[in-house]
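Next come the chains, spelled out residue by residue.
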Amino acid sequence: MRKILILMLIGSTLSLSSLAQQKTGKITGVVTDGSAKVLESATITLLRAGDSTVAKISVADRTGAYSFEDVPAGRYIVSISAVGHQKGWSAPVEVSGGADVVTVKTIDLIPEAKTISAVTVTAKKPLIEQKPDRTVVNVEASVTNVGNSALEVLEKSPGVTVDKDGNISLRGKQGVQIYIDGRPSYLSGADLANLLKSMSSSQLDQIEIMTNPPAKYDAAGNAGVINIKTKKNKMFGFNGSLTTGYTQGRYGRFNESGNFNYRNGKFNLFSSLNYNSNKNEQELFIYRNFRETSTKNILSIFDQEAKMNNKSEYYNAKAGFDYNASKKTTLGVVLNTYYNPSTWTSNTVTSIFDPQRVFQSQTMTLSSNTEKWKNYSGNFNFRTTIDTAGQELTGDLDYMKYSSASTQPLTSAYFDAHGLPVGRIDTLNGALPSDIRIASAKLDYTKPLKKGAKFEAGLKSSFVKTDNNAMYDSIINGQSVHDYNRSNHFVYDENINAVYVNYSQPLNKKWNAQIGLRLENTIAKGKQLTTGVNFSRNYTQLFPTAYLQYAMNEKNQFVLNYGRRVERPDYGDLNPFIHFIDRYTFEQGNPNLAPQFSHNVELSHTYKGFLTTTLNYSKTKDIIQQVLEQHEATQETFIRRANIASQEQVGLTVTAYKEIKKWWTASVYANLAYNRFKGLVNNEPVDLDLAMYLVQVQQQFKWGKGWAAEVSGFYRSKGLEGVMFIKPIAQVSAGFSKQVMKNKATVKLSFNDIFAMSVFRGYSQYGTVDARFKNVNDRQTAGLSFNWRFNKGKLKASGSRHEGSASEEANRVKTGH
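Each chain carries its own residue numbering, running from 1 in the written order of its sequence. Only residues with pLDDT of at least 70 get local features here, since the model is predicted, and only at 80 or more are side-chain atom pairs given and counted; chain-wide, interface and lining totals rely on the full set of residues. Based on all heavy atoms of the structure, the side-chain values leave hydrogens and waters out of the count.

Next up on the list: the packing of aromatic side chains. Note on ring pairs: Phe, Tyr and Trp rings are taken, using the six-membered ring of Trp, and paired if centres are within 6.5 Å. Classes follow the plane angle, with under 30 degrees stacked, over 60 edge-to-face and the rest tilted. Summed over all chains, the structure comprises 30 aromatic pairs. Centroid distance Phe490 to Tyr492: 6.5 Å. Interplanar angle 20°. Geometry classified as stacked. Summarising the burial analysis for this pair, Phe490 and Tyr492 share the class buried. Aromatic pair Trp663 and Phe701: ring centres 6.3 Å apart, planes at 25°, arrangement stacked. Each residue's exposure class comes from its accessible area (1.4 Å probe, protein chains only) as a fraction of the maximum for that residue type: buried when under 20%, exposed when over 50%, partly exposed otherwise.

Following DSSP output, two strands are said to pair if at least two bridges run between them. Labels follow the DSSP assignment, with helices taken as runs of H or I lasting at least four residues and strands as runs of E lasting at least two, numbered in each case from the N terminus. Note: strand β23 (residues 329-353) against strand β24 (residues 359-385), 25 bridges, orientation antiparallel. Within β24, the position partnered with Ser342 by the bridge is Glu371. In this structure, the hairpin formed by β24 and strand β25 (residues 392-416) is closed by a connection of 6 residues, where Gly390 is found at a positive phi of approximately 100°.

Moving on, we come to the nonpolar core. One finds Leu154, Ile168, Leu196, Ile207 and Ile226 to be the most contacted residues of the largest nonpolar core, which totals 53 residues. Take this core: its biggest share by element is 4 residues, from helix α2 (residues 150-155). Every residue pair with non-hydrogen atoms within 4.5 Å of one another is taken to be in contact. For Leu196, the residues in contact, after removing those within four places along its chain, are Ser149, Ala150, Leu151, Leu154, Ile168 and Ile228. Only buried residues count toward a nonpolar core. Its members are Ala, Val, Leu, Ile, Met, Phe, Trp, Tyr and Cys residues joined through side-chain atoms within 4.5 Å. One finds Leu284, Leu720, Tyr763 and Tyr766 within the second-largest nonpolar core, a separate group that totals 32 residues.

Looking now at a positive patch on the surface. For patch detection, residues must exceed 30% relative accessible area and be free of salt bridges, and they are connected within 9 Å for like charges or within 5 Å for nonpolar side chains (Val, Leu, Ile, Met, Phe, Trp, Tyr). Using a 1.4 Å probe, the Shrake-Rupley method yields the accessible areas, and only the shown protein chains count as cover for residues. One side-chain nitrogen of Lys or Arg within 4 Å of one carboxyl oxygen of Asp or Glu is enough to make a salt bridge. Residues scored as positive are Lys and Arg, those scored as negative are Asp and Glu, and His as well as the terminal groups of each chain are ignored. A charged residue contributes its charge at one atom only: NZ of Lys, CZ of Arg, CG of Asp or CD of Glu. Taken together, Lys718, Lys727, Arg761, Arg772 and Lys774 make up a surface patch of like positive charges. Here Lys774 shows up in strand β47 (residues 769-776). What makes Lys774 partly exposed here is its relative accessible area of 31%.

Before going further, it helps to examine the sheet that holds strand β14 (residues 173-174). Sheet strands pair by backbone hydrogen bonding; their relative direction is either parallel or antiparallel. Sheet architecture is open: 3 strands sit in the order β12-β13-β14, paired in antiparallel fashion. Each edge of the open sheet carries a strand with a single partner, namely β12 (160-162) and β14. The sheet contact formed by β12 and strand β13 (residues 168-170) spans 3 bridges and is antiparallel. Each bridged residue has a counterpart across the sheet, and for Thr161 the counterpart in β13 is Ser169.

The next point concerns the confidence of the model for the chain. Values of pLDDT, ranging from 0 to 100, describe the predictor's confidence in every residue of the model. Mean pLDDT over the chain works out to 83, with 87% of the residues at or above the 70 mark. For residues 13-22, every residue scores under 50 in pLDDT, and the model assigns this stretch 15 contacts once sequence neighbours within four places are set aside. For the stretch residues 113-123, pLDDT sits under 50, and the model shows 13 contacts to residues farther than four places along the chain or on other chains.

So, about the pairing of β23. By the bridge criterion, 22 bridges tie strand β22 (residues 298-324) to β23 in an arrangement that is antiparallel. Residue pairing for β23: Asp303 is matched across the bridge by Ser351. Adjacent in sequence and paired antiparallel, β23 and β24 are bridged by 5 residues, among which Arg357 carries a positive phi angle near 60°.

This paragraph deals with the side chain of Asp778. By secondary structure assignment, the location of Asp778 is in the loop between β47 and β48 (781-791). As used in this structure description, the phrase polar contact means that two N or O atoms lie within 3.5 Å; if the pair is within protein, one of them must be able to donate a hydrogen and the other to accept it, and residues adjacent in sequence are counted only when both atoms belong to side chains. Reaching out from Asp778, the side chain makes a polar contact with the backbone nitrogen of Arg250 at a distance of 3.2 Å. Beyond its immediate stretch of four places on either side in the chain, Asp778 contacts Gly249, Arg250, Tyr251, Arg253, Lys279, Asn280 and Glu281.

So, about the pattern of salt bridges. Overall, the coordinates contain 19 salt bridges when judged by the stated rule. For the salt bridge of Arg291 with Asp770, the shortest nitrogen-to-oxygen distance reads 2.7 Å. Linking Arg291 in strand β21 (residues 267-291) with Asp770 in strand β47, this pair joins segments that are 479 residues apart in sequence. Taking the relative accessible area as the measure of exposure, Asp770 reaches 5% and is therefore buried. Among the ionic pairs, Asp573 bridges to Arg641, the shortest N-O distance being 3.4 Å. Taken together, the residues span a long stretch of sequence, with Asp573 in helix α4 (residues 571-574) and Arg641 in strand β38 (residues 636-661) at a distance of 68 residues. Residue Arg641 is classed as buried on the basis of its relative accessible area, which comes to 15%. Where salt bridges share partners, they join Asp218, Lys460, Arg518, Glu520 and Arg568 into one cluster.

A word on the environment of Ala453. Looking at the secondary structure, you find Ala453 in the loop between β27 (434-448) and β28 (454-476). Each C-alpha atom of the pair Ala453 and Ala513 lies 9.5 Å from the other, and the pair is 60 residues apart in sequence. Excluding its chain neighbours within four sequence positions, the residues that come into contact with Ala453 are Lys447, Pro448, Tyr503, Ser504, Gln505 and Pro506.

This is the structure in structure tokens:
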């Protein structure tokens, strides 16, 4: 299967390389309304003159100007549409290639005298768009995203990897901040993964990947920021879409969603409803050697096999409006809620052997977790234009509340080497209520200056309060007895205040520069009400950013950027509670965790707008990583996070996306990264390093009568994640789509992980820790979906804002399944 992926990569590379030699040009023009008045935000479509197929799509700027870069040689027609006007067309124009710039004669659109009947707009976006400061993935452009969860869509995005626990990495580095519609998700780690598993790909519009965001963004995120944008409709009138889907893995999964929008001159009302039912199964195998501290000789061997089942439902509702109070000011409100009940069960068999692997005993553990998560959130936002030069002020107020009710019984039975019961059955019942409240506000100011310069400034303040109460009872002689040693009540308060400035300016025709500085002050207090142990922190840090862009010529552009970033501990990781996985394995928080800080430098080169090569270097201090602590006397293993070491990474990334033929487009992403971890773990020196590579390939095909297909896959070599080595993993997927009902509906069929290669295997060896694992997930699936779009109106670029102020806080809350 690795050979298949390599052949796909070679085919794409040869095709893209041949295209790199093709000559391209540039097409520019201006659109007016017939009275010499410019038409801002008109939709501009570049069509091939031979068959009228779409080559590119753009939007006119505030002066009515538009342009198309890197246009292959050939004959084209420009089509222009705008609300309240009849459609306009240009005469055919010829692009001969080289450095040609073709200027289209100004097109005057005629105002409409009558109401236009309903139309359906189905512009096709490219799968991947490479922009100067981010990579954009258009989710619906990939057929194989059908029936997938948001997490699975992320895993197929350029440079993104997801480990067996759902932790998200970018370019081989953990510490990614996940935004949803520019607002914080307030989740982290495996719990963030659980929410993303609940979200269907049918809810998603775009994924924005920023490895080194500017000072306007929160400084949090060692590896960068990923913003998941959900669908929003920009059509006038009443419009929307309905989607239903079914996915078959080991069990069936269902998802349904509806998006509705009504827009007129003053108001834009929008809402969405989503439901997802998910059931899956996974198997986890762990092999552990317990070693003596001084000699490192094996004391005992644990061979564990766990079968886990998870059943969850996800209900989500979102509603809001935008109001154009005046020509200069827009007000908006967004309300969102979700309800996520789930049941998780695990059957674990632990076989215990002596150093010579002679069977000694066996423990059978049954554990379950019934959980109900509820979320309510509200956002108020405004945007006001101060003058015609583009001076602008925007603001956001956000409030969010998460609450959960969780019960966790754990029962263990013990047997000797002959299978006979030993001792009494242990039963531990846990009740784990959690409450999280977050409030934040931010204000951003933008002022364009002379000669293309721009000044930006802003401030933000956020307040977070988490309240977790772990109550455990043991069953002794049939009676419930409160376990004071395991129970605890933890309250955490945090206030982050930030201010930033950012300045950008063209230095000359070829050089552009941008510098920024962000200051953040963090005040945190943690209280263990049961034990009386408290902690407090108060620190202020500066986070500079700098960008330098050089346009050598029309074919070659270079960008050099630098940024300092921070990764604060997740709220749940500061919680000292013990979470029981089985009789011998526990997870425990660490209230002594400190934030980690990193310096990131990137140098990128873009060739002819389609091929981008990036060289990056980062150094992280006090990196937060998951470690194992083994207690040889009790034969127990604790999983916790600690500031274990410093990390250095050097990486090389190549990204290419190109239309090879009118019916064939290809994209390739390749990343080579060298990671080194050096420090102390469990008071033992650790020095680990490894070079790994990731290759992602996607091939898309389209032919007549609305048919399309896709083949995609990835291969990730052996990697190093903290102190754990992860063995190679791969995946191949394929899908088909068909436009039906006069292009108002789409049917999609997808097959994911066709060869069942998405099996996580790894090992960890340092000090007395010696463990191997294998995790088999329910990833081989077939999915079928139907999407129907209805509308009565025309496309208009929206000035509304459905994003909020809470950014970094979103990723640090641990929620349910």
